Amino acid sequence: MDLQKRASGIEMILSDVDGVLTDGRLIFDALGNEIKCFHAHDGLGIRIWMDKGYRFGFITRRCTEVVRRRAEELRIDEVFQGVSDKSTLLEEICHKYSIRPDQVAFIGDDLVDYKIMRLVGFAAAPHNAVEEIQKIAHLVTRQPGGQGAVREVIEFLLKSRGEWQNFPF
């Protein structure tokens with residue numbers, strides 16, 4: 001299936017957090033609080049995607065307050081933290097929103113994302129994803145994780161359906 005056609009049917013994006021929405025580094029302050037850096041371009045891209053009526057969700061292996069707060073700030077539809085097998089959630093999410101796995105995109109960067117990326121209709125990876133993930137991704141971004149990779153995926157998906165040009169810049 002051609003990449004544009006594959007991308008045009010996507011109704012929901014699910015994304016890993018560490019290494020995709022962040023650069024993957026785990027930073028802790030002296031009190032043990034975790035610090036993450038999110039890129040504003042990704043946040044705006046997520047809002048544009050959702051404002052056009054599509055859904056977005058986080059599925060991450062780690063469990064942190066900062067991810068919960070970022071999701072709340074962006075009004076993310078679904079947030080799953082502490083998930084070791086991300087692929088098990090796909091059927092539940094598809095059932096909840098009456099969509100098929102081929103209507104879901106997943107953005108991942110490491111081996112824990114492999115199974116779910118093989119099940120979805122559109123798999124994307126940041127430029128700095130591990131080799132095994134890049135090999136199965138339909139799209140590898142020019143940007144690394146935490147530096148606008150998610151925005152790049154969103155722009156690609158919206159351009160594939162002719163909706164980026166209609167955005168009121």
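The coordinates are above.
Computed from a predicted structure; not experimentally measured. Within each chain, residues carry numbers counting from 1 in the order of the written sequence. Under the rules for a predicted model, residues below a pLDDT of 70 receive no local features and side-chain atom pairs below 80 are neither given nor counted, while totals for whole chains, interfaces and linings still include all residues. Only hydrogens and water are removed before side-chain values are computed, so all heavy atoms of the structure are retained for them.

(A) Here's a closer look at the packing of helix α2 (residues 40-51) against helix α7 (residues 149-160). The geometry of α2 relative to α7 is characterised by a closest axis approach of 7 Å and an angle of 30 degrees between their N-to-C directions. Here α2 is positioned roughly parallel relative to α7, judged by the angle of their axes. For the element pair α2 and α7, the recorded crossing hand is left-handed. Contacts between α2 and α7 involve H41, D42, L44, G45, I46, I48 and W49 from the first element and A149, V150, R151, I154, L157 and L158 from the second. Note on geometry: axes are lines fitted to C-alpha atoms, helical ones only across the stretch in contact, with angles between N-to-C directions running from 0 to 180 degrees. Under the DSSP-based scheme used, a helix requires at least four consecutive residues in state H or I and a strand at least two consecutive residues in state E, with every element numbered from the N terminus. Each angle receives one of four descriptions, namely roughly parallel if under 35 degrees, roughly antiparallel if over 145, roughly perpendicular if within 65 to 115, and oblique otherwise. Definitions for this section: a left-handed crossing has its near helix turned counterclockwise from the far helix by less than a right angle. A right-handed crossing has that turn clockwise. Two residues form a contact once any of their heavy atoms are found within 4.5 Å.

(B) A look at the pairing of strand β4 (residues 55-59). For every residue, the accessible area (1.4 Å probe, protein chains only) is compared with the maximum for its type, and the residue is labelled buried under 20%, exposed over 50%, or partly exposed between those bounds. Most of β4 is tucked away, with four of its five residues classed as buried. Here, strands pair whenever DSSP counts at least two bridges between them. Two elements, strand β1 (residues 12-15) and β4, share four bridges in a ladder whose sense is parallel. For L14, the partnering residue across the bridge sits in β4 and is G57. In the sheet, β4 pairs with strand β5 (residues 78-80) via three bridges, with the strands oriented parallel. Bridge pairing links F58 to V79 in β5. The parallel pair β4 and β5 is bridged by helix α3 (residues 65-74), and the resulting crossover is right-handed. By convention, orient the strands away from the viewer: a clockwise path from the first strand over the helix to the second makes the crossover right-handed.

(C) Geometry of the pairing of β1. Residue alternation in β1 divides its side chains into two sets, M12 and L14 and I13 and S15, and both sets are buried. When β1 meets strand β6 (residues 104-107), the two strands line up parallel, connected through four bridges. Paired with M12 across the bridge in β6 is V104.

(D) Spotlight on empty space enclosed by the protein. Cavity means a closed set of points on a 1 Å grid over the protein atoms alone, one where a 1.4 Å probe fits but cannot get out, pocket means an open set with protein on both sides within 12 Å along at least 5 of 7 lines, and lining means a residue has an atom within 4 Å of a point. Grid points are joined across faces, edges and corners, and a volume is the space filled by probe spheres set on the points. On inspection of all chains with the given rule, the structure shows one cavity of 30 Å³ or more. Lining the largest cavity, in full, are L21, F38, H39, D42, G43, I46, F58, R70 and L74. Secondary-structure elements contributing two or more residues to the lining of the largest cavity are α2 and α3. The greatest single-element share of the lining of the largest cavity, amounting to three residues, is contributed by α2. Polar here means any residue outside two lists: the nonpolar Ala, Val, Leu, Ile, Met, Phe, Trp, Tyr, Cys and Pro, and the charged Asp, Glu, Lys and Arg; Gly therefore counts as polar. The class makeup of the residues in the lining of the largest cavity is five nonpolar, two polar and two charged.

(E) Examining α2 more closely. Expected helix span is taken as 1.5 Å per residue step, with the number of steps being one fewer than the number of residues. Given a rise of 1.5 Å per residue, twelve residues ought to cover 16 Å, and the 16 Å separating the end C-alpha atoms of α2 matches this to within 8%. For α2, every residue scored as buried is listed here: D42, G43, G45, I46, R47, I48, W49 and M50. Residue G53 follows α2 closely and has a positive phi angle near 100 degrees.

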